[in-house]
Amino acid sequence: MAIAVAIGSACSVSYKFNGASIDYAKTKTIQIGDFPVRASYAWAPMGPMFNNELRNQFIDHTRLQIVKRNGDLKLEGEITRYDQRNKGVSSEGHSSMVELSMTVNVRFTNNANHGEDFEQQFTATSSYDSTQSLNSVQDGLVEEMIKNICEQIFNAAVANW
């Protein structure tokens, strides 16, 4: 039994399992600005962690070259909210769960197709047991929320299907 395999070398659109749909013939570069922390409450490592993860999302999952200016695609914004609130109450009336939340405002520009431009807020939450201190769980929870938000931003920017 013969199996025929056809490879289309002229195809310039790349579809990946991560959902990215990019026409590399038209889109070769992306400009990703640093997202400053503008939240009233912040954790110092949060900004650099976010900026690194966002860049890594595009480095790891696309062939786009990151440039400092004049990118075919452009991402900019700021971390606007980082807070915690009581989520659950125990039978004794005390807080049993705490929810940590992070919100990032993003402005996306597609210089090849401005119909795809957007400004949108992306939020992620994570909960922890109130018997734990925020300092003991913050690193892991913030890392988890950042990864979630960066995936949301990636999908909104380059998963056009």
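Residues numbered from 1 in each chain as written. Predicted model: local features only at pLDDT ≥ 70, side-chain atom pairs only at ≥ 80, totals over all residues. Heavy atoms only, no water.

1. A closer look at the pairing of strand S3 (residues 29-32)
Operational definition: Note on classification: 1.4 Å probe, protein chains only; a residue is buried when its accessible area is under 20% of the maximum for its type, exposed when over 50%, partly exposed between these limits. We count a stretch as a helix when DSSP gives it H or I for four or more residues in a row; a strand needs E for two or more, and each element gets its number in order from the N terminus. When the strands point away from the viewer and the connection leading from the first strand across the helix to the second strand turns clockwise, the crossover is called right-handed.
Covered by surrounding structure in S3 are Thr29 and Gln31 together with Ile30 and Ile32, the residues of both alternating faces. As for the winding sense of the linkage, the β-α-β connection from S3 through helix H1 (residues 46-61) to strand S4 (residues 65-67) is right-handed.

2. With respect to the packing of H1 against helix H2 (residues 134-158)
Keep this limit in mind: Think of each axis as a best-fit line through the C-alpha atoms, taken over the contacting stretch in the case of a helix, with angles from 0 to 180 degrees between the N-to-C directions. The scheme is simple: roughly parallel for angles under 35 degrees, roughly antiparallel for over 145, roughly perpendicular for 65 to 115, oblique for anything else. The sense of a crossing depends on the near helix, which, turned anticlockwise from the far helix by less than a right angle, makes the crossing left-handed and, turned clockwise, makes it right-handed. Residue contacts follow a heavy-atom distance rule, with two residues in contact if any of their heavy atoms lie within 4.5 Å. Throughout this entry, Asp, Glu, Lys and Arg are counted as charged residues, while Ala, Val, Leu, Ile, Met, Phe, Trp, Tyr, Cys and Pro are counted as nonpolar. The remaining residues, Gly among them, count as polar.
Between H1 and H2, the shortest axis-to-axis distance is 9 Å and the interhelical angle comes to 45°. Compared by their axis directions, H1 and H2 come out oblique. Note that H1 runs across H2; the crossing there is right-handed. Side by side, H1 and H2 meet where Met46, Met49, Phe50, Glu53, Leu54, Gln57, Phe58 and His61 of the first sit next to Asp139, Val142, Glu143, Ile146, Lys147, Ile149, Cys150, Glu151, Ile153, Phe154, Ala157 and Val158 of the second. Here the residues of the contact of H1 with H2 are counted per class, giving 13 nonpolar, two polar and five charged.

3. A look at the side chain of Thr29
Short version of the rule: Whenever two N or O atoms come within 3.5 Å, that pair is a polar contact, provided that in protein one can donate a hydrogen and the other can accept it, and provided that, for residues adjacent in sequence, both atoms are side-chain atoms.
For Thr29, the position within the fold is in strand S3. A residue is classified by how much of its surface remains accessible, and Thr29, at 14% relative accessible area, is buried. A polar contact of 2.8 Å, which involves the side chain of Thr29, links it to the backbone nitrogen of Asp72. With near-sequence residues (within four places) excluded, Thr29 lies in contact with Leu64, Gln65, Val67, Asn70, Gly71, Asp72 and Leu73.

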